[in-house]
Amino acid sequence: MVEKGRLTVRQLGALLFLCTIGEQILVFPAMITSFAHEDAWISALLGVAGGIGILSIMLAAYKLHPRLNLVENALRTLGPWIGGLFSCFYLFYFLISTSTFVREIGDFMSTQILHDTPLWIVHLLFVCPLVWGLICGLECIARSAEVFLPLVVLFLLILTVCLLPHLKLENIQPVLAQGFLDPFRGFIAVLTYPYCELCIFMMLFPYAKQEPHLEKDILLAGLIGGLMLTLTLTICLLVMGPFMTQHHWFASFQLSEKINIGNFLQRIEAFMASVWIIAVFFKSILFFYSFVLGITHLFSLSSYRSLILPSALLILAMSVLVSPNQIFYLKVIIPYWIDWDLTCGIALPVLLILVHQFKSRLSKI
């Protein structure tokens, strides 16, 4: 086996939680509010319930061949040619996703904190830890996630508690004033961004220790991550209102600037930024890892380590080329990304399940 590392269920849960909130902890409020406006919190709650269903589909696809990751599963189920094309589609998705996450870090840092730093320098500073993490291995990544998880949760809870005096219930009224269409569009967006992107874990499930409560803990981690995003979205709506939330791309970062308790506890937005960077780091490194591991299995290589540096340089270049500016990213990339995520998170796993069942029935005839 190319990957000899083993994850505990707790480590897998920590990674799944961090991957669920990922870059969404900053962009989720603006994104969902742009679809559902003041009813975005309803879309988020419904989307969390639907997201658990998506995770169940991914678990069902994984259980077809529990010892094989997504690429190996596709090659076994669909054959070397169709399975190879299927795998290449996912590998390209992993590559572009990693590059996009790096670009989001660059756009955030260059517009909010490091205004005079060249974009490619920010990307390089972020890619270097990704390379080091892959060199250290999967178990090291998982142990780091266990260490950082309490810190991320603590900062998010501090943000919520400190903003309680600023809540205004009228900001989410009237409820369903525009009907059900806008909340439904927001619901689809919630299914897409936090949950369909968790298809990355079909590359990781085989390396988790098989414990009786594995599936339950995976679903629980996805549920808690979704509820944390819903809480952040709701706080943004209640404090800033739907209009300001929609038009601030990094809404929760702007929200942290409003904290001022007794003129003593204030200006903690840097802590909020650190939470986001930590979460995006783990999401990026999992996509990066899955990209190099998938190539290794697809071409039957002995190890993925020789692919780390070339892939890092490719990701560094793609992060600059993926979008000419932030406006292009918001207006052009995101609407089409929904279809891509739905395909990778729902359509293709369901296809794997159906083909496997069809072949099983044929073999019994």
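Residues numbered from 1 in each chain as written. Predicted model: local features only at pLDDT ≥ 70, side-chain atom pairs only at ≥ 80, totals over all residues. Heavy atoms only, no water.

If you check an unreviewed UniProt entry, the protein appears there as Endospore germination permease from Paenibacillus xylanilyticus. Check the Sequence similarities (unreviewed entry) section of the UniProt entry for the protein; it says "Belongs to the amino acid-polyamine-organocation (APC) superfamily. Spore germination protein (SGP) (TC 2.A.3.9) family." Database annotation for the protein, UniProt heading Subcellular location (unreviewed entry): "Membrane". (UniProt positions renumbered as here; feature names shortened; annotations may be inferred.)

**Student:** Would you explain empty space enclosed by the protein in this entry?
**Tutor:** Rolling a probe over the atoms, with the probe sized like a water molecule, indicates the empty space that remains. Enumeration according to the criterion identifies four cavities of 30 Å³ or more in this entry. Computed from the structure, the largest cavity encloses a volume of approximately 90 Å³. Where the lining of the largest cavity is concerned, the elements lending two or more residues are α2 (24–36), α5 (80–113) and α13 (326–364). Here the lining of the largest cavity gets four residues from one element, more than from any other, and that element is α13. Looking at the lining of the largest cavity residue by residue, the class counts come to eight nonpolar, two polar and three charged. (1 Å grid on protein atoms, 1.4 Å probe; cavity = no way out; pocket = protein on both sides within 12 Å on 5 of 7 lines; lining within 4 Å. Points joined across faces, edges and corners; volume = space filled by probe spheres on them. Helix = DSSP H or I, 4+ residues; strand = E, 2+ residues; numbered from the N terminus. Nonpolar A, V, L, I, M, F, W, Y, C, P; charged D, E, K, R; others polar.)

**Student:** Just checking my understanding: could you explain helix α7 (residues 138–162) for this structure?
**Tutor:** What sets the pattern is the α-helix's 3.6 residues per turn: residues three or four places apart point alike. Its 25 residues give α7 an end-to-end C-alpha distance of 36 Å, which sits within 8% of 36 Å, the value for a rise of 1.5 Å per residue. A bend of about 35° at F148 is the largest found in α7, and the proline P150 appears one to four places after it. Residues of α7 that are buried include every one of L138, I141, A142, A145, V152, F155, L156, L159, T160 and C162, and no others. (Expected span 1.5 Å × (residues − 1). Bend = angle between axes of the 7 residues up to and from the residue. Buried < 20%, exposed > 50% of the residue type's maximum accessible area, 1.4 Å probe, protein only.)

**Student:** Any chance you could explain the confidence of the model for the protein here in plain terms?
**Tutor:** A residue-level look at the protein finds 95% of positions with pLDDT of 70 or above and a mean pLDDT of 85. Per-element averaging of pLDDT across the protein places strand β2 (residues 265–266) at the bottom with 62 and helix α12 (residues 308–321) at the top with 91. (pLDDT = per-residue confidence, 0-100.)

**Student:** It is not clear to me how the packing of helix α1 (residues 9–21) against helix α11 (residues 269–298) should be interpreted in this structure. Could you clarify?
**Tutor:** Packed helices, taken two at a time, are described by the angle their axes make and the gap between the axes. Contact pair α1 / α11: the axes reach a minimum separation of 8 Å and the direction vectors enclose 105°. Compared by their axis directions, α1 and α11 come out roughly perpendicular. Contacts between α1 and α11 pair L15, L18, C19 and I21 from the former with A279, F282, K283 and L286 from the latter. In the contact of α1 with α11, the residues fall into seven nonpolar, no polar and one charged. (Axes fitted to C-alpha atoms, helices over the stretch in contact; angles between N-to-C directions. Parallel < 35°, antiparallel > 145°, perpendicular 65-115°, else oblique. Contact = heavy atoms within 4.5 Å.)

**Student:** Would you mind going over the packing of aromatic side chains with me for this structure?
**Tutor:** Under the counting rule described, the total for this entry stands at 17 aromatic pairs. For the ring pair Y90 and F94, a centre distance of 6.0 Å and an interplane angle of 45° mean the geometry is tilted. Taken together, the residues span about one helical turn, with Y90 and F94 both in helix α5 at a distance of four residues. For the pair F108 and W276, a centre-to-centre distance of 4.8 Å together with 70° between the ring planes defines the contact as edge-to-face. In this pair, F108 sits in helix α5 while W276 sits in helix α11, placing the two residues 168 residues apart along the sequence. The burial state of F108 is the same as that of W276; both residues are buried. Here the aromatic cluster, defined as three or more aromatic residues joined through ring pairs, consists of F86, Y90, F92, Y93, F94, F101, F287, W337 and W340. (Phe/Tyr/Trp six-rings, centres within 6.5 Å; stacked < 30°, edge-to-face > 60°.)

**Student:** I tried to follow the layout of surface pockets on my own but got confused; where do I start?
**Tutor:** Roughly 390 Å³ of internal volume is contained in the largest pocket. Residue lining of the largest pocket: A30, M31, S34, F35, Q246, H247, W249, I327, L330, K331, I334 and P335, and that is the complete set. Secondary structure elements with two or more residues in the lining of the largest pocket: α2, α9 (214–247) and α13. Element by element, the count of residues in the lining of the largest pocket is highest for α13, at five residues. Taken together, the residues of the lining of the largest pocket break down into eight nonpolar, three polar and one charged.

**Student:** How should the pattern of salt bridges be read in this particular structure?
**Tutor:** Note on pairing: side chains with opposite charge can pair once their charged atoms come close. Inspection of the entire model under this criterion finds six salt bridges. The shortest N-O distance in the salt bridge between K63 and E215 comes to 3.2 Å. Note that K63 is positioned in the loop between α3 (40–62) and α4 (70–78) and E215 in helix α9, a separation of 152 residues in sequence. Since its relative accessible area comes to 45%, K63 is described here as partly exposed. Look at E215 and you get partly exposed, because its relative accessible area is 34%. Between K283 and E197 there is a salt bridge; the shortest N-O distance is 2.5 Å. Highlighted residues: K283 in helix α11 and E197 in the loop between α8 (181–195) and α9, separated in sequence by 86 residues. Each member of the pair K283 and E197 is classed as buried. (Salt bridge = Lys/Arg side-chain N within 4 Å of Asp/Glu carboxyl O.)

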